[in-house]
Amino acid sequence: MELRVRLPARMGLWRRRVYACWTRPMRFDRNLVVIGAGSATLVSAYIAAATKARVTLVEQGAMGGACLNDGCVPSKGPDPKRAA
């Protein structure tokens, strides 16, 4: 099911007024900015970099996200408490 949202005609005029004080850059330094370094975003950043795109990766915490560091992967590994 596809949901289409039609914005009122006035919205386009409002956007033009809001962005009127900024000039458009002549060129961009990056092709892609990836926010978050979870398992899916790391793969998308890797694929983009492999195609020679200039990629910036922004992550607040540890690389790998919750699945790699806290959830899925550590729960399937050896438990350091049981190793004696």
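Throughout, residues of each chain are indexed from 1 in the direction in which the sequence is written. Restriction of local features to residues with pLDDT of at least 70 applies here, the model being predicted, together with a cutoff of 80 or more for giving and counting side-chain atom pairs; totals for whole chains, interfaces and linings are based on all residues. With hydrogens and water set aside, each side-chain value is computed from the structure's full complement of heavy atoms.

## What about the overall build of the protein chain?
Then, number 1: Only DSSP runs of H or I covering at least 4 residues are called helices, and only runs of E covering at least 2 are called strands; the numbering of each starts at the N terminus. Counting its regular elements, the protein chain contains four helices and two strands.
Then, number 2: Going residue by residue from the N terminus, the α and β elements of the protein chain occur as α-β-α-β-α-α.
Then, number 3: Among the 84 residues that make up the protein chain, the fraction classed as buried is 8%.
Then, number 4: Here the analysis covers contacts within the protein chain between residues at least 6 apart in sequence; of these, 28% occur between residues at least 24 apart.
Then, number 5: In these tables, accessible area is a Shrake-Rupley quantity obtained with a 1.4 Å probe, and a residue counts as shielded only by the protein chains included in the view. Counting only carbon and sulfur atoms, one obtains 60% of the accessible surface of the protein chain, whose full area is about 8,100 Å². The buried label applies to any residue whose accessible area, calculated with a 1.4 Å probe on protein chains only, is under 20% of its type's maximum; exposed applies above 50%, and partly exposed to all values in between. Any two residues whose heavy atoms approach within 4.5 Å are treated as being in contact.

## Topic: the pairing of strand β2 (residues 55-58)
Then, number 1: Relative to β2, strand β1 (residues 32-35) runs parallel, the two sharing four bridges. Pairing of leucine 32 across the sheet is with valine 55, part of β2.
Then, number 2: Seen with the strands pointing away from the viewer, any crossover whose path from the first strand over the helix to the second strand runs clockwise is right-handed. Regarding topology, helix α2 (residues 39-50) serves as the crossover connection from β1 to the parallel β2, and that connection is right-handed. Any two strands between which DSSP finds at least two bridges are classified as paired.

## Side note on the environment of glycine 36
Then, number 1: Looking at the secondary structure, you find glycine 36 in the loop between β1 and α2.
Then, number 2: Expressed as a C-alpha distance, the spacing of glycine 36 and valine 58, which sit 22 residues apart in the sequence, is 5.7 Å.

## Looking at the pattern of salt bridges
Then, number 1: A carboxyl oxygen of Asp or Glu within 4 Å of a side-chain nitrogen of Lys or Arg is what we treat as a salt bridge. Per the stated rule, a full pass over the model turns up one salt bridge.
Then, number 2: With its nearest N and O atoms 3.6 Å apart, the salt bridge here joins arginine 27 to aspartate 29.

Honestly, that's just the spatial picture; any functional story needs more than this.
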